[in-house]
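Here is what each chain is made of, one letter per residue.
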Amino acid sequence: MNYVTDNQAINEQEMLQYIADKTKASKANIELVLKHEQAYINKAHENAKGKDVDIDGDDLADYILSRKDVKLDELTVESILDAEMDYLMDKGHAGYVD
């Protein structure tokens, strides 16, 4: 998954509700997945040392599923990540890079 985001403020509560509506996952589970996603992305940026970062969606999902506090199945994690991307794209905060 390659995507770019801008620095506009994101309405987190609106995004959580959007993801919950699309996935039927609890807000607590969504927040948990997004927390681990952010940690993964932050680490990728640290390792890139200022270069562009390519985030592979499968690797990201595997990372999240490997966290001890995540008790969700792969489909749920991927659905949450997909819904988040849909929200960000709908709001103009993200897009795929060729």
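None of the values given here were measured: they were computed from a predicted structure. (Residues numbered from 1 in each chain as written. Predicted model: local features only at pLDDT ≥ 70, side-chain atom pairs only at ≥ 80, totals over all residues. Heavy atoms only, no water.)

1. Remarks on the nonpolar core
Thought 1: Membership of the largest hydrophobic core comes to 24 residues, with the highest contact counts inside it found for Ile30, Val77 and Ile80.
Thought 2: Put simply, the parts of the chain that give this core at least two residues each are helix H1 (12–23), helix H2 (27–48), helix H3 (57–66) and helix H4 (74–90).
Thought 3: Residue contacts for isoleucine 80: discarding those within four places in its chain leaves Ile19, Thr23, Ala25, Asn29, Ile30, Val33, Leu34 and Leu72. (Core = buried A, V, L, I, M, F, W, Y, C linked by side-chain atoms within 4.5 Å. Buried < 20%, exposed > 50% of the residue type's maximum accessible area, 1.4 Å probe, protein only. Helix = DSSP H or I, 4+ residues; strand = E, 2+ residues; numbered from the N terminus. Contact = heavy atoms within 4.5 Å.)

2. Here's the deal with the packing of aromatic side chains
Thought 1: Tallying each qualifying case throughout the model produces two aromatic pairs.
Thought 2: Arranged with centres 5.1 Å apart and planes meeting at 50 degrees, the rings of tyrosine 40 and tyrosine 63 form a pair that is tilted. Of this pair, tyrosine 40 sits in helix H2 while tyrosine 63 sits in helix H3, and the two are 23 residues apart along the sequence.
Thought 3: When the ring centre of tyrosine 63 is taken as origin, the NZ or CZ atom of arginine 67, which lies over that ring, is 4.1 Å away. (Phe/Tyr/Trp six-rings, centres within 6.5 Å; stacked < 30°, edge-to-face > 60°. Lys NZ or Arg CZ within 6 Å of the ring centre and 35° of its normal.)

3. Considering the pattern of salt bridges
Thought 1: Taken as a whole, this structure holds four salt bridges when the rule is applied.
Thought 2: Residue lysine 22 pairs with aspartate 86 through a salt bridge whose shortest N-O separation is 2.8 Å. Placement of lysine 22 in helix H1 and of aspartate 86 in helix H4 is noted, with a sequence separation of 64 residues between them. (Salt bridge = Lys/Arg side-chain N within 4 Å of Asp/Glu carboxyl O.)

4. Observations concerning the packing of H1 against H4
Thought 1: Relative to each other, H1 and H4 sit at 130 degrees, their axes nearing to 9 Å. Between H1 and H4, the crossing angle belongs to the class labelled oblique. In this structure, H1 meets H4 at a crossing whose hand is right-handed. Contacts from Glu14, Met15, Tyr18, Ile19, Lys22 and Thr23 of H1 reach H4 at Ser79, Ile80, Ala83, Glu84, Asp86, Tyr87, Leu88 and Asp90.
Thought 2: Class assignment of the residues belonging to the contact of H1 with H4 gives a composition of seven nonpolar, two polar and five charged. (Axes fitted to C-alpha atoms, helices over the stretch in contact; angles between N-to-C directions. Parallel < 35°, antiparallel > 145°, perpendicular 65-115°, else oblique. Left-handed = near helix turned anticlockwise from the far one by under 90°. Nonpolar A, V, L, I, M, F, W, Y, C, P; charged D, E, K, R; others polar.)

5. What about a negative patch on the surface?
Thought 1: Together, Asp54, Asp56, Asp58, Asp59, Asp62, Asp73 and Glu74 make up a region of like negative charge exposed at the surface.
Thought 2: The leading source of residues in the negative patch is H3, at three residues.
Thought 3: Given a relative accessible area of 41%, aspartate 59 falls into the partly exposed group. (Patch = residues over 30% accessible without salt bridge, like charges linked within 9 Å, V, L, I, M, F, W, Y side chains within 5 Å. Areas by Shrake-Rupley, 256 points an atom, 1.4 Å probe, with all protein chains shown as cover. Lys, Arg positive; Asp, Glu negative; His and termini not counted. Charge placed at Lys NZ, Arg CZ, Asp CG, Glu CD.)

6. Brief notes about the confidence of the model for the protein chain
Caution applies to low-pLDDT parts of the model: their predicted coordinates are not meant to be read in detail.
Thought 1: With 87% of its residues at a pLDDT of 70 or more, the protein chain shows a mean pLDDT of 87.
Thought 2: Here residues 1–7 is modelled with pLDDT under 50, and outside its nearest four sequence neighbours on either side it reaches 26 contacts, counting other chains as well. (pLDDT = per-residue confidence, 0-100.)

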